[in-house]
Structure formats: C-alpha cells, structure tokens
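What follows is the residue order along each chain.
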Amino acid sequence: VALKRMLNFNVPPVKNSTGEPVWKVLIYDRFGQDIISPLLSVKELRDMGITLHLLLHSDRDAIPDVPAVYFVMPTEENIDRMCQDLRNQLYESYYLNFISAISRSKLEDIANAAIGANAVTQVAKVFDQYLNFITLEDDMFVLCNQNKELVSYRAINRPDITDTEMETIMDTIVDSLFCFFVTLGAIPIIRCSRGTAAEMVAVKLDKKLRENLRDARNSLFTGDTLGAGQFSFQRPLLVLVDRNIDLATPLHHTWTYQALVHDVLDFHLNRVNLEESTGMETSPAGARPKKKNKKSYDLTASDKFWQKHKGSPFPEVAESVQQELESYRAQEDEVKRLKSIMGIEGEDEGAISMLSDNTAKLTSAVSSLPELLEKKRLIDLHTNVATAVLEHIKSRKLDVYFEYEEKIMSKSTLDKSLLDMISDPDAGTPEDKMRLFLIYYISSAQAPSEIDLEQYKKALMDAGCNLAPLNYIKQWKAFTKMASAPTSYGNTTPKPLGLFSRVMNTGSQFVMEGVKNLVLKQQNLPVTRILDNLMEMKSNPETDDYRYFDPKMLRGSDSSVPRNKNPFQEAIVFVVGGGNYIEYQNLIDYIKGKQGKHVLYGCSELFNATQFIKQVPLITSV
C-alpha cells in the first residue's frame, strides 16, 4: 500500500478513476529494487503508469517531458548522482523518495544543486518513506539484502568485535525496525531476553520510538497513517529473540514445501532459480555435454497453489500437483471435444440443434481459457520445482535425515546409531552429516565423552566433513550451558504413514518409491514457545525475566513486570541474527489454532543451513 501510494506521487490511488494513469519513470537503487521486486510485478507497475524502471547508477537518457519518481537510500553517491540528474535536466519533474530518513546536510546538498541547475521548481516533492525493510509474505519480512553481511549472525557474534562496530550494527537493525513500525502505524510493547544482542536492539528501538513520540509536531505516529486501519485498538507485542537461543533449528533438515525449496534450491527474495535437466537421453560418446538451461520462477502471493501448499509436507504437495494436472487435462479435453463438434457441417437438423446447445458451452469454455492457461503455467512451474526438490530428497535421503533429527530433538529412541548414519556412504552429502551431528551435539543434555567425540570426529573426517563448525558449537554450548538450561523441542516425532500411497502409482510424474511419507505433528519450536508465553501472558521460567519496554510511557522503567495483563491479539516476532522458513512455518501453524490472532515473523537476514554453516566457522579464532 505504501509503495503504491508513493508511485502515485504520494497521494493514495483512487479506486474508480477511469482516466489513464500519469505516465512516469521509476528510478531506484539496488535497495529499492529489492524492496519493490517481491511486491509488485512489472505488469502492476505498468498499471500504475510506470513505463520505464531504471537503476539510478545506469546510463539513462534524458526524457524531458516525463515526471520521475526516485526511490533510493540517502547515501553520498546516490545524492551526488541525483544532483547530476538535476544539472543535466533529465526529466520534467522530480519526486524524491528516500527509503530511510535523509539527514539535514544531505537535503541541503540537493537544494544547492537544484538552485545551481535552476531546477528548484521541478523538484516537486521530497519524502522520507520509512520503507527500509523487505516484505516477503503478508506475514514475513527481512531487514535487508544488499549489505546483509553487515548485520549477519557472524557479524553480531564475532569475538573480536569492537563497541563502535556493534553500535553500527544495532543502529542499522533499529533503523529498519523503526521503518517497519512507522509503516504499520503502530507502537509496540517490546519484550526481549536479557544479556543478548536482542536486548541492545530493544533498548535502542525503545529510545528511538520514544524520541519520535516526544516531538509531537513531527511525530510519525499521529492520525492518518496507512496502518491505522489494519490493527485493532490493541497495540501489538514485539518479541525480540536472539538467534543463539536456538541453533538447532537453522541446521535442521525440513519436510515442508517452502522450507525445502529454501534448503535445497537457490531461493532468494521469492524467486527460485533452477537448472533444467535436459531429459535423460544420453548423448553419443564424445559429444559435448548439453548446456543446462537456467530458469527462474517467482513464487508469490498471486500463486494460489503456492499460497495453499507452501506449508504442506512434501508428499502432499506432490499429490496436489498431480490432482491439479488431472483436473486441467479434463478441462482441456472438454474444450477439444466441443471444437470437434463445432466442426460438423451445418446441414442436417440434428447438427444444428446440437450446435445451439453447444454454443453456450463453447462460449463458457472460451471465456475460461485465460484461466486455464494460467492454471497450466502454475502446474508446470510446480512440477519443475517439486521435481528438483524430489531429486535432492532421493539422492541425499533427506527424509531419513529429517526423521532422525526429529527423533534426536524430541529425545525419542533412535533405531540406528548416529555413527552408522555418518559412515553410510549413500546417505547425504558431508554437509548433511555435519548438520545431523551438530543437532545431536546441541540437543544432547550432556556433551559426548572425549572418547566418543574422537570417534565421531574420525567418522566425520572420513565422510569428508569440515570440522570447523563443531569448534564454534562447542564453545557456544559451553557458554550457553552457564547461561541457561538447554531448550527442549517438544516430544513428538513424525509418524510415517507407510510409503507413498495411491498418488505414486503409475500415472504420476513423481517417482516417489522409497521416500518416506512422513506426516508432521504440530510441536512448538523454542521461538514459538517464547511467543506463546509472552502473548498469552503465561508464567514460565523461560520468559519470566524478559525485559518489558513501553515507549508510550513517560518514564522508561527498567522492569520485567508487564503493566498490561491481557493477552495480545497481534504480535511480531523478530529474530536478531537471522531466521529461517522452518520457524516461520511453525509460527503460522501455531497461530492458525488461535481465533482472531495474528503473528508476523521478521529476521535480520534469512539463511538456509548451508549459508548458516558457512558463517559459523568464520566466527571462532582458535
């Protein structure tokens, strides 16, 4: 909504205006691009009158009779380039929108350039948009993508970090969270764990919100903000958690569609990139191997199949793709049948009466054609994506890993020794084995003895694993052991339903034999449990000493005693140090069971296990 308002020259778009939109160009930087691309397609931009969208730092031609809407970060180089545009008189008028608030001195730089270029009248509007965060789903956001290594898990947890570096990281995170609440138009009540990076974020955010409310004349939270209508009278709860409370979940193998896509494919800002396998035909000996085609697909809110199944266990997804395909084929056959009837020579009476009957049918069939084509596009898309995921599941035995890790995390009995899993040459990549072992190490109540550990290490080395992450997890575990009891992960395990049933018979394009059909039972992960305690005002040793901030209170009181005793209707969970789709899905499943409550999930960056494991060993300097 905020973006559409901006593209409409900062006036809310009128619903029923029949007139043509005003044609205009959109100029953005990489930050702006990342914010817009998951939300608005090129077609939607065109409907809003955007004929051209260009990067600020690309070579752009002058289009003197068109207004330009800029959407950029207020950085030195961006401002220099904008001043250059003014001097070169590229456009008819300039609407300058800054993703994050611009400083007074930089504003003066633009003003000076405008005076120098004699272009003051052409700078129509200058706005701070407070949109410095990326929305991936209606209920999920991440902070940034361009310079995410600045706020990564590694950056926050480096042992040699200086205070000033830490301040900078925290300010970056707080700036984005502040933007998020300005856009929501709500002032949260903040809870956070003590002694963590999350606490530093909470203190700074509380201060920033407080200062903004003090300055009543310029407060961003008065009256007609966009978000006023979205939330009930109650204020939302913001729960700030630190990634370090749970390092097992980001390493966990998963079983739901969206999380699997993120784990095994290249899935980034809602777009998945696939290498197409060029079929199974073998090329003649000595021929050059075929080049793989790269394809990318957008998995967005407008994709109904994705919205419905992104949280489903993978076997269900395969089944649903198959059902969609069958219903599509039936509709297609119906259209073909009608066509052949219409081809009858119209001489005899029978054919003519049939014709009038079928005209109505054909009309409805023709009008449903665009819908059919869209359906076909989605079926093809998900067939390709699901097939790619399935190849990984089968070649790496991910179903076995998933089930085994769930058993470890819920402390059930194991049917096969961990050493066997690690030494099995057919199961998984070295990284899969490392993830499994780290989860075992994190979840075990007492660490394995030195003798056992050496044995495991040898097996891991033999399997080709890089042992660097283990050193970090060892230190981390020793440190958190002092701090708190290990987190429990519930005690339910997935129930296998026997191998794949009827779907996987002859007609299906998914060959699923040998893959376990596991069904998930809802169990709350640590992040979800913390939210549940704080949202429902339950007393629990895990969360009782969480700090409580209310930026609306005149005096900031340092207490962990909440003033309001009512359960919250809306909550935002934000993970400092990075999040994943497993946690997101777990929260969504949890809140489904609560009537009329909403949860949003945010994180400083989104990583899958591979990216996480790469960050971890870089932290320790042993």
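Residues numbered from 1 in each chain as written. Predicted model: local features only at pLDDT ≥ 70, side-chain atom pairs only at ≥ 80, totals over all residues. Heavy atoms only, no water.

Inclusion rule: UniProt positions are given in the numbering used here, feature names are shortened, and annotations may be inferred rather than shown by experiment.
The name that an unreviewed UniProt entry assigns to the protein is Sec1 family domain-containing protein 1, with the source organism given as Crotophaga sulcirostris. The UniProt entry for the protein carries the following text under Function (unreviewed entry): "Plays a role in SNARE-pin assembly and Golgi-to-ER retrograde transport via its interaction with COG4. Involved in vesicular transport between the endoplasmic reticulum and the Golgi." UniProt's Sequence similarities (unreviewed entry) comment on the protein is quoted here verbatim: "Belongs to the STXBP/unc-18/SEC1 family."

Looking at the environment of Phe607
Put simply, the rule is: Numbering of helices and strands runs from the N terminus; a helix is a DSSP stretch of H or I covering at least four residues, while a strand is a stretch of E covering at least two. Accessibility here uses a 1.4 Å probe with only protein chains present; expressed as a share of the type maximum, an area under 20% marks a residue as buried, one over 50% as exposed, and anything in between as partly exposed.
The topology assignment puts Phe607 in the loop between β17 (598–603) and α21 (609–615). Look at Phe607 and you get buried, because its relative accessible area is 1%. Taking C-alpha positions, Phe607 is 9.7 Å from Tyr153, a pair spaced 454 residues apart along the chain.

Section: a negative patch on the surface
As a reminder of what qualifies: Residues forming no salt bridge and having over 30% relative accessible area are the ones grouped into patches, like charges within 9 Å of each other and nonpolar side chains (Val, Leu, Ile, Met, Phe, Trp, Tyr) within 5 Å. In these tables, accessible area is a Shrake-Rupley quantity obtained with a 1.4 Å probe, and a residue counts as shielded only by the protein chains included in the view. The term salt bridge refers to a side-chain nitrogen of Lys or Arg lying within 4 Å of a carboxyl oxygen of Asp or Glu. A positive count includes Lys and Arg, and a negative count includes Asp and Glu. His and the chain ends are not counted in either. Throughout, a charge is located at the NZ atom of Lys, the CZ atom of Arg, the CG atom of Asp or the CD atom of Glu.
There is a patch of like negative charges on the surface, built from Glu76, Glu77, Asp80 and Asp109. The biggest single contributor to the negative patch is helix α4 (residues 76–87), with 3 residues. Mapped onto the secondary structure, Glu76 falls in helix α4. Judged by relative accessible area, which is 51%, Glu76 ranks as exposed.

Examining the sheet that holds strand β12 (residues 293–298)
Quick note on the threshold: Here the rule is simple: two strands pair whenever DSSP picks up at least two bridges between them. Between N-to-C directions, angles span 0 to 180 degrees; the directions come from axes that are lines fitted to C-alpha atoms, helices contributing only their stretch in contact.
Spatial ordering of the open sheet is given by β10-β11-β12, a layout of 3 strands whose pairing is antiparallel. Because the sheet does not close on itself, it has two edges, and the strands there are β10 (266–268) and β12. Averaged over all neighbouring strand pairs, the angle between strand axes comes to 25°, with direction disregarded. By the bridge criterion, 3 bridges tie β10 to strand β11 (residues 271–276) in an arrangement that is antiparallel.

A look at the pairing of strand β6 (residues 134–137)
With 3 bridges joining them, β6 and strand β7 (residues 140–142) adopt antiparallel strand pairing. Bridge pairing links Thr135 to Phe141 in β7. Two successive antiparallel strands, β6 and β7, enclose a turn made up of 2 residues.

Overview of unusual backbone geometry
Here the phi dihedral of Asn118 falls at roughly 60°; this positive angle occurs in a residue that is not glycine. For Asn118, the position within the fold is in the loop between α5 (104–116) and β5 (123–128). Since its relative accessible area comes to 65%, Asn118 is described here as exposed. Even without glycine at this site, Asn270 takes up a positive phi of about 65°.

Section: the packing of helix α7 (residues 163–184) against helix α8 (residues 197–214)
The line we're drawing: Note on terminology: angles under 35 degrees are roughly parallel, angles over 145 are roughly antiparallel, angles of 65 to 115 are roughly perpendicular, and the others are oblique. Note on convention: the crossing is left-handed when the near helix lies turned anticlockwise from the far helix by less than a right angle, right-handed when the turn is clockwise. Contacts were defined at the residue level, with two residues in contact if any of their heavy atoms lie within 4.5 Å.
Interaxial distance between α7 and α8 falls to 9 Å at its minimum, and their mutual angle equals 55°. Compared by their axis directions, α7 and α8 come out oblique. For the pair α7 and α8, the crossing hand works out as right-handed. In this structure, α7 contributes Met166, Glu167, Met170, Asp171, Ile173, Val174, Asp175, Leu177, Phe178 and Phe181 to the contact, and α8 contributes Ala197, Met200, Val201, Lys204, Leu205, Lys208, Leu209 and Asn212.

With respect to helix α17 (residues 450–462)
Going by this rule: A helix is expected to reach a length of 1.5 Å times the quantity of its residues less one. Of all possible arcs, the one meant is that of the directions from the helix axis to the C-beta atoms.
Between the first and last C-alpha of α17 there are 18 Å, a value that for 13 residues agrees with the 18 Å anticipated at 1.5 Å per step. Here α17 has its buried residues at Leu453, Tyr456, Lys457, Ala459 and Leu460. All buried residues of α17 fall inside an arc of 165° around its axis, so they share one side. Within α17, the exposed residues directed more than 90 degrees away from the buried face are Ile451, Lys458, Met461 and Asp462. Directly beyond the C-terminal end of α17, a positive phi value near 90° is found at Gly464.

Examining the packing of helix α9 (residues 257–264) against helix α20 (residues 581–592)
Running from amino to carboxyl end, α9 crosses α20 at an angle of 175°, the nearest separation of the two axes being 9 Å. For the element pair α9 / α20, the angle class is roughly antiparallel. The segment α9 lies against α20, with Gln258, Ala259 and His262 engaging Tyr581, Ile582, Tyr584 and Gln585.

Notes on the sheet that holds strand β8 (residues 189–192)
Reading across the sheet, the 7 strands line up as β6-β7-β17-β16-β9-β8-β15 and stay open at both edges, with mixed pairing between neighbours. Of all strands in the sheet, those with a lone pairing partner are β6 and β15 (547–549), marking the two edges. Direction aside, neighbouring strands of the sheet carry axes that sit 20° apart on average. As judged from the 3 bridges shared by β7 and β17, these two strands associate in the parallel manner. Pairing of Phe141 across the sheet is with Gly602, part of β17. Strands in contact with helix α19 (residues 526–535) are β8, β9 (237–242), β16 (570–576) and β17; relative to β9, the strand with the most contacts, it is inclined by about 145°.

Side note on the nonpolar core
Most often, soluble globular proteins keep nonpolar side chains buried together rather than apart. Short version of the rule: Among buried residues, those of type Ala, Val, Leu, Ile, Met, Phe, Trp, Tyr and Cys that are joined through side-chain atoms within 4.5 Å constitute a nonpolar core.
Ile173 and Leu240 are the most contacted members of the largest nonpolar core, which totals 118 residues. Of all the elements, α7 adds the most residues to this core, at 12 residues. Look past the residues within four positions of Ile173 in its chain and what remains in contact with it is Leu143, Val151, Ile156, Val201, Phe574, Val576 and Ser604. Counting residues in each nonpolar core, the second largest holds 33 residues, with Leu247, Tyr404, Phe437 and Tyr456 among its members.

Some words on the packing of aromatic side chains
Each aromatic ring pair is specified by the distance between its two centres and by the angle formed by the two planes. Spelled out, the test is: When two rings of Phe, Tyr or Trp (its six-membered ring) have centres within 6.5 Å they constitute a pair, described as stacked for plane angles under 30 degrees, edge-to-face for angles over 60, and tilted for the intermediate range.
The final tally for this structure, using the stated rule, is 23 aromatic pairs. Seen in terms of ring centroids, Phe141 and Phe574 are 5.9 Å apart; in terms of plane orientation they differ by 25°. Their pairing is stacked. One end of the pair, Phe141, is in strand β7; the other, Phe574, is in strand β16, and 433 residues separate them in sequence. In terms of burial, Phe141 and Phe574 fall into one category: buried. Each ring, one from Phe267 and one from Tyr581, has its centre 5.8 Å from the other, and the planes form 40°; the classification is tilted.

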